[in-house]
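Letter by letter, the chains look like this.
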Amino acid sequence: MNKRIVRKQLPLDAVSDLHAEPLLQRIYSLRGVRHADELDASLERLIPVSELQGVEQATELLLHHFKTQSRIIIIGDFDTDGATSTALMVRQMQRLGFKNMDFLVPNRFKFGYGLTPEIVELAAQSNPALIITVDNGMSSISGVAAANALGIQVLITDHHLAGSELPAAVAIVNPNAPGNPFPSKALAGVGVAFYVMAALTRAMQQRGLITEQQAPVAALLDLVALGTVADVVPLDRNNRILVAQGLRRIRAGRCVPGIRALLAAANKRIETCIASDLGFQVGPRLNAAGRLDDMRLGIQCLLTDNQDEARLDAMRLTQLNLDRRDIEQQMQAEALMVLNDMQLNDESLPLGLCLYDETWHQGVVGLVASRIKDRVHRPVIALARADGDILKGSARSIPGVHIRDVLDAMAARHPQLIEKFGGHAMAAGLSIRSNMLETFKAAFDAEVQRWMTHDEAIGMVYSDGELSTAEFTLTMAKVLRQAGPWGQNFTEPIFDGTFHVAESRILSDRHLKLKLHIGDATCEALAFRYFDHDDAEPINVSEQVHIAYRLDINEYQGVEKMQLIIEHLENVTA
């Protein structure tokens, strides 16, 4: 599949007074930063809690149940955002004196996503007066109705987009709810939970229920950073502050034992933790519990204050993640076989690509959809059988194609086609009946064609430009590492350049390791999973390559060296 390197162009309104060195100045300008104060990550720069519509009603509701000490059940989600949201709310409410509370996380294989009538029935067995949803709830029309019918009040805290109808909850806190004026629409579920707990804590302080020094909400920011990064929400200014503050706490050792244990399990030093460590190491370990087993294990890891318990939980989560990788690799190989067959039989793939296999694991279809999407540069839905005639799927999209809006339009055009769906611009979940699969495939392709053309199905690797020879240093790699936090919509810097190859090796039959000439020196460069692509060819000594890469730091036996991580490679030997 086509892929090309595109150099970003500095905008006309780029400024030169960001109080940063020239390379960082360029990088920040290419990410839309126009004023130095936009890089201020102090908590005082956060959008005030009072601006999030719904927190006042949520606070009054929670205070009422605090006074009556009635039973409260928190309903979480089975990903890292849901796990951190649940752990954050449980921790803070317990510190604030809520004594009669517990949490439930729907088992994705039995109950599916969100506050369903079935999970309400399960929660009702402990006679709660209030159900709080975290990272879910906006699409739970029937679930909230079931709770109301049982006399259980519902508080929804969520960040997902709303459908045409809102659930009849007592209070809804969601920056993406219709008419909510909150300036940042990018809050993750854990960010919303943080704002609700911040509002509740402040109200209890003002009413003399706790002291000013009791239960500081900033102590929760390690969980906020983890959930925000792992959910791949855009790192707008507000989210960058939340993540930066959380990372500072983690590096200083002021984090929950579970995060410390999960970093240790990934062989990552807590003192140098960066956002990508949370996104690519800690997050997948927690997600593995929700994908293959029960996210309660992940939440317990984040709730325990015992380091030994956290270490044991982290070991179990790490093994689940290894199991998840094996399943994912098998499913991905099968998906690629289907893809190759489609290419052999047709000149072009559908622009909206839908894949299904009877043997696939429904907990891993999102990862498969993401991997295939990265290969074919178009929206992909991967489906697996759930119960009976129901197929459950995960959709992953590309910039410019809002996948939830695509599904919404399909549902409007074909009212009986989709059983239920929900999500964001770049990711969504859905359920369909198996006898509708072929109709669904055709409808999905037709709808995506309204959003893009085949000429646009090209992978773009956006580069921040070339580095000078003097900028290839360990010092510069460290500067870039600490200049983030980097993440979605505030991406880690990628550069490009043309180099002559001094050495070339193949590692583990999958990875390519090069040594490149840079000025009078050489530098190691790694292309992970390079040979996973069928059209990948070996690179020989003395050949010339044009690469897009990241500056990285390789630490081995206490010695640090700069290295390049190759994101894309083209052999340009004449």
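Before any of the text, the structure's been laid out above.
Engineer: I'd like a rundown of the pairing of strand β10 (residues 420–423), residues and numbers included.
Structural biologist: Bridging between β10 and strand β11 (residues 427–433) involves four bridges; their strand directions are antiparallel. Along β11, the bridge assignment pairs F421 with L430. Connecting β10 to the antiparallel partner β11 that follows it, the hairpin turn spans three residues.

Engineer: Hey, could you go over the sheet that holds strand β17 (residues 559–571) for me, with residue numbers and the actual values?
Structural biologist: The strand order around the closed barrel built from five strands is β13-β14-β15-β17-β16, with neighbouring strands paired in mixed fashion. Strand-to-strand, the axes of this sheet are offset by a mean angle of 45 degrees, without reference to chain direction. Two strands pair when backbone bridges link them, and strand β13 (residues 495–507) and strand β14 (residues 511–518) are joined in this way by six bridges, in the antiparallel orientation. Opposite S504, over in β14, you have L514 as the bridge partner. Helix α16 (residues 474–482) contacts β13, β16 (544–556) and β17 of the sheet and is inclined by roughly 80 degrees relative to β16.

Engineer: Pulling in residues and values, what's your account of α16?
Structural biologist: The complete set of buried residues in α16 reads M476, A477 and L480. Down the axis of α16, the sector holding all buried residues measures 105 degrees, keeping them to one side. Among the structural elements, α1 (22–30), β13, β16 and β17 are those in contact with the buried residues of α16.

Engineer: Kindly report on the pattern of salt bridges, identifying the contributing residues and their values.
Structural biologist: The final tally for this structure, using the stated rule, is 27 salt bridges. Residues D277 and K268 are paired through a salt bridge, measuring 3.7 Å at the closest nitrogen-oxygen approach. The class for D277 is buried, based on a relative accessible area of 5%. Among the residues examined, K268 registers a relative accessible area of 32% and is labelled partly exposed. The shortest N-O distance in the salt bridge between D308 and R311 comes to 2.8 Å. With a gap of three residues between them, D308 and R311 both fall in helix α12 (residues 307–345), about one helical turn apart. Overall, R311 belongs to the partly exposed group, its relative accessible area being 42%. Counted as one network, the salt bridges with shared partners bring together R7, E466 and D496.

What counts, and where the lines are drawn
- Sequence order as written defines residue numbering, which begins from 1 separately in each chain.
- Local features in a predicted model are, by the rule used here, given only for residues with pLDDT of at least 70; side-chain atom pairs are given and counted only at 80 or more, and totals for whole chains, interfaces and linings are based on all residues.
- Side-chain figures throughout are based on the complete set of non-hydrogen atoms in the structure, without hydrogens or water.
- In short, DSSP must find at least two bridges between two strands for them to pair.
- Here a strand is any run of E in DSSP of at least two residues, a helix any run of H or I of at least four, and the numbering for each starts at the N terminus.
- Between the N-to-C directions of two axes lies an angle of 0 to 180 degrees, each axis being a line fitted to C-alpha atoms and, for a helix, fitted only over the stretch in contact.
- Contact criterion: two residues are considered in contact whenever any of their non-hydrogen atoms come within 4.5 Å of each other.
- The cut-offs for exposure are 20% and 50% of the maximum accessible area for each residue type, with area from a 1.4 Å probe on protein chains only; residues under the lower value are buried, those over the upper are exposed, and the others partly exposed.
- This arc is taken over the directions from the axis of the helix to the C-beta atoms.
- For salt bridges, the criterion is a side-chain nitrogen of Lys or Arg within 4 Å of an Asp or Glu carboxyl oxygen.

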